[in-house]
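# Descriptive structure summary
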Amino acid sequence: MTTHNPELESIARQLVAPGKGILAADESSGTIKKRFDSITLESTEENRRAYRDLLFTTPGVEQYLSGVILYDETLRQKAGDGRPFAQVLAEHGILPGIKVDAGAKALAGTPGEKITEGLDGLRERCAEYRKLGARFTKWRAVIDIEEKNGIPSDLAIDANAHALARYAAIAIEQDLVPIVEPEVLMDGGHSIETCFAVTERTLRSVFAELGRHRVALEAILLKPNMVIPGKKHSKQASPQEVAEATVHCFKRTVPAAVPGIVFLSGGQSEEEATANLDAMNRLGSLPWQLSFSYGRALQASALAVWKGKGANLAAAQRAFHHRAKLTSAARDGRYEPKMEKILVGS
Ligand code: 5MM
């Protein structure tokens, strides 16, 4: 039997406290470059620091955020006033977290599929991150769907599930709550039924491996995709359809011992990701808390308003605060589309 760790279980529960969720600001160098390209801004270390400073020092955002996932560089950076970012967040009651995977690489023997790397030296990196103030970690596995090529293969699903479980066991050993992120991508033209089937296969494999690796489920959070049609599918689904399919899939696969599910947004617009989360939280009593760990669906408006210009800082912070407030409402099933228009102080 796995042992209980009251401190980690308490942190996991704090991360999914009512009204709160997680900001994923752990874009690696390649991903943040893509985001900055969209506003024609060079990805220098100072621009990356200034952007994270904008997000983390947004007045009042701590009301909606329980945690922020950082990238290695960001955990070592400081806010404009000289305080390390981890301290700035902690002083606002926001738990600092850290991405610990080394990215998805080609999986040998399975053309087109990926395996997330980063297990080598993970124990030592986790120990250092905890000293730097991190209290939780994240590892993302990527599962693509290409039905005509037999993708995903069982091999890719199982290899990624195995790595996720080894990561989670090491994170817990090092006193960090692991966020386990198996992301079934929404790229492509597949139906919601196909997404359901692949998500079900993936989660079954992930929880089988977590069990084999003796991971205490009370001390983890799951960060999955929603069950949703591919972006290019001819029929998109309503929030009610997404909510019912997602919860149906999770009831089959996610043990009740897991304290919370924190969704990724995966390329949904801010409004879609908010409406879908809201619909799930209106479905009634469930074994787990349903919250968010969004990257793009929390940052898209703020980034577009900021454009890398100091003069736009306050307006960008208002946009970020607004999005966080609406996503928090959805986390509690209190969101209404008319709230989109009420931007205080703009
Ligand atoms: C914020 O993006 C995270 C890091 O991505 P890379 O490793 O590719 O740079 C990513 O793991 C993120 O936490 C999740 O994908 C959720 O982000 P979205 O934008 O899908 O909500």
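Each remark here, short or long, concerns the structure printed above.
Described in the following lines is the structure provided in the data block. Treat the numbers as computed from the prediction; the structure is a model and nothing was measured. (Residues numbered from 1 in each chain as written. Predicted model: local features only at pLDDT ≥ 70, side-chain atom pairs only at ≥ 80, totals over all residues. Heavy atoms only, no water.)

### Here we look at the environment of G189
For G189, the position within the fold is in the loop between β7 (177-184) and α8 (192-212). With a relative accessible area of 48%, G189 lands in the partly exposed category. Here G189 is in contact with K232 and H233, once residues within four sequence places are set aside. (Helix = DSSP H or I, 4+ residues; strand = E, 2+ residues; numbered from the N terminus. Buried < 20%, exposed > 50% of the residue type's maximum accessible area, 1.4 Å probe, protein only. Contact = heavy atoms within 4.5 Å.)

### Considerations on the packing of α8 against helix α9 (residues 239-253)
Their axes nearest at 9 Å, the elements α8 and α9 cross at an angle of 30 degrees. Judged by the angle between their axes, α8 and α9 are roughly parallel. For the pair α8 and α9, the crossing hand works out as right-handed. Along the contact surface, α8 presents I192, F196, T199, E200, L203, R204 and F207, while α9 presents E241, V242, A245, H248, C249, F250, R252 and T253. Taken together, the residues of the contact of α8 with α9 sort by class into 8 nonpolar, 3 polar and 4 charged. (Axes fitted to C-alpha atoms, helices over the stretch in contact; angles between N-to-C directions. Parallel < 35°, antiparallel > 145°, perpendicular 65-115°, else oblique. Left-handed = near helix turned anticlockwise from the far one by under 90°. Nonpolar A, V, L, I, M, F, W, Y, C, P; charged D, E, K, R; others polar.)

### Describing the sheet that holds β7
The 8 strands lie next to each other as β1-β2-β3-β6-β7-β8-β9-β10, forming a closed barrel whose pairing is parallel. In the sheet, strand β1 (residues 21-24) pairs with strand β2 (residues 65-70) via 4 bridges, with the strands oriented parallel. Bridging across to β2, L23 finds its partner in V68. Each of β6 (136-143), β7 and β8 (221-222) touches α8; the most contacted strand, β7, lies at about 150 degrees to it. (Pairing = 2+ DSSP bridges.)

### Structural notes on the site of the ligand
Taken together, 17 residues are adjacent to the ligand, and S28, T31, K99, K138 and S265 come closest. Residue D26 places a side-chain N or O atom 3.3 Å away from an oxygen atom belonging to the ligand. Measuring from an oxygen atom of the ligand, one finds a side-chain N or O atom of K223 at 2.9 Å. Within the complex, 92% of the 500 Å² of free accessible area of the ligand lies under protein. Of all the elements in the fold, those that place two or more residues in the shell around the ligand are β6 and β7. Residue classes in the shell around the ligand are distributed as 3 nonpolar, 5 polar and 9 charged. (Near = heavy atom within 4 Å. Polar contact = N/O pair within 3.5 Å; in protein donor to acceptor, adjacent residues only side chain to side chain. Areas by Shrake-Rupley, 256 points an atom, 1.4 Å probe, with all protein chains shown as cover.)

### Description of the packing of aromatic side chains
The geometry of two aromatic rings is summed up by the distance between their centres and the angle between their planes. What the rule picks out here adds up to 8 aromatic pairs. Between F56 and F85, the aromatic rings sit 5.1 Å apart at their centres with planes inclined by 90 degrees, giving edge-to-face as the arrangement. Here the residue F56 occupies a position in helix α3 (residues 45-56), and F85 occupies one in helix α5 (residues 85-91), the gap between them amounting to 29 residues. As far as the burial class goes, F56 and F85 line up, both buried. Look at W139 and Y167: their rings are 5.4 Å apart centre to centre, the planes differ by 25 degrees, and that puts the pair in the stacked class. Of the two residues, W139 sits in strand β6 while Y167 sits in helix α7 (residues 154-173), which places them 28 residues apart along the sequence. Across the pair, Y167 and W139 agree in class, each one buried. (Phe/Tyr/Trp six-rings, centres within 6.5 Å; stacked < 30°, edge-to-face > 60°.)

### Section: the pattern of salt bridges
Tallied over the full model, the rule gives 28 salt bridges. Between R130 and E7 there is a salt bridge, and its shortest N-O distance comes to 3.1 Å. On the criterion of sequence distance, the pair formed by R130 in helix α6 (residues 122-131) and E7 in helix α1 (residues 6-15) is long-range, its members being 123 residues apart. Overall, E7 belongs to the partly exposed group, its relative accessible area being 41%. (Salt bridge = Lys/Arg side-chain N within 4 Å of Asp/Glu carboxyl O.)

### Section: the pairing of β1
Walk down a regular strand and you will see the side chains alternate between the two sheet faces. Relative to strand β10 (residues 289-294), β1 runs parallel, the two being bridged by 2 bridges. The residue bridging I22 from the neighbouring strand is S293, located in β10.

### Some thoughts on helix α10 (residues 270-281)
Under the 1.5 Å per step criterion, the end-to-end length of α10 is 17 Å for 12 residues, consistent within 8% with the ideal 16 Å. With 9 of 12 residues buried, α10 is to be regarded as a mostly interior element. Within the sequence span of α10, burial applies to E270, A273, T274, A275, N276, L277, D278, A279 and M280. Buried residues in α10 make contact with α9, β9 (260-263), β10, α11 (296-306) and α12 (313-331). (Expected span 1.5 Å × (residues − 1).)

### Describing the side chain of D53
Of note, D53 is situated in helix α3. Of the residues examined, D53 reaches a relative accessible area of 11% and is grouped as buried. Once residues lying within four places of it in the same chain are set aside, the contact partners of D53 are A79, G80, F85 and Q317.

### Here's the deal with the pairing of β10
Judged by how many residues are buried, β10 sits mostly within the fold: 5 of 6 residues are covered. Relative to β10, β9 runs parallel, the two being bridged by 4 bridges. Its bridge partner being in β10, V262 is matched across the sheet by S291.

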